[in-house]
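The lines below spell out each chain.
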Amino acid sequence: MCQHQPPCPTASSADRESARLVAHHPEQGWSLLCNGVLLFEDTGELLPDGQVIAPHRPAVTAA
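### Overview of the pattern of salt bridges
Note that side chains of opposite charge can pair when their charged atoms are close. Within the structure shown, the criterion is met by one salt bridge. The residue Glu45 makes a salt bridge to Arg16 at a minimum N-O spacing of 2.7 Å. Taken together, the residues span a long stretch of sequence, with Glu45 in strand β4 (residues 45-46) and Arg16 in the segment before β1 (21-25) at a distance of 29 residues. Across the pair, Arg16 and Glu45 agree in class, each one buried.

### Brief notes about the environment of Gly29
Relative to the assigned elements, Gly29 resides in the loop between β1 and β2 (30-33). It is 22 Å that separates the C-alpha atoms of Gly29 and Ser12, two residues lying 17 residues apart in sequence. Excluding its chain neighbours within four sequence positions, the residues that come into contact with Gly29 are Leu39, Phe40 and Glu41.

### Thoughts on the pairing of β2
Consecutive side chains of a regular strand alternate in pointing toward one face of the sheet and then the other. Residues Ser31 and Leu33 of β2 are buried on one face, while the alternating residues Trp30 and Leu32, pointing to the opposite face, are not. Bridge analysis of β1 against β2 gives four bridges, and the strand direction is antiparallel. Directly across from Ala23, in β2, lies its bridge partner Leu32. The hairpin turn running from β1 into β2, its antiparallel successor, is four residues long, and Gly29 in that turn takes a positive phi close to 85 degrees. Bridge analysis of β2 against strand β3 (residues 38-40) gives three bridges, and the strand direction is antiparallel. Paired with Trp30 across the two strands is Phe40, which belongs to β3. The turn linking β2 back onto β3 is made up of four residues, and Gly36 within it adopts a positive phi angle of 90 degrees.

### Observations concerning the environment of Leu32
Here Leu32 is to be found in strand β2. By relative accessible area, which is 26% here, Leu32 ends up partly exposed. Once the C-alpha coordinates of Leu32 and Leu21 are considered, the two residues, eleven residues apart in sequence, prove to be 6.0 Å apart. With residues up to four places along the chain from it excluded, the contact list for Leu32 reads Arg20, Leu21, Val22, Ala23, Val37 and Leu38.

Cut-offs used in this document
Residues numbered from 1 in each chain as written. Predicted model: local features only at pLDDT ≥ 70, side-chain atom pairs only at ≥ 80, totals over all residues. Heavy atoms only, no water. Salt bridge = Lys/Arg side-chain N within 4 Å of Asp/Glu carboxyl O. Helix = DSSP H or I, 4+ residues; strand = E, 2+ residues; numbered from the N terminus. Buried < 20%, exposed > 50% of the residue type's maximum accessible area, 1.4 Å probe, protein only. Contact = heavy atoms within 4.5 Å. Pairing = 2+ DSSP bridges.

Here's what the structure looks like:
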């Protein structure tokens, strides 16, 4: 899918979020990466195979 050099990380790679943006819709809260991953503003992900990755924001601690 990726035509970049060097190629973007695949959807199954640990660093999949570093792939280039193909489409960005901040008003809707999502972005499509070159590797087919849908990345949501809450840090959740939808992989091309349908697998859902739960949001993984750092936990906020009360002071």
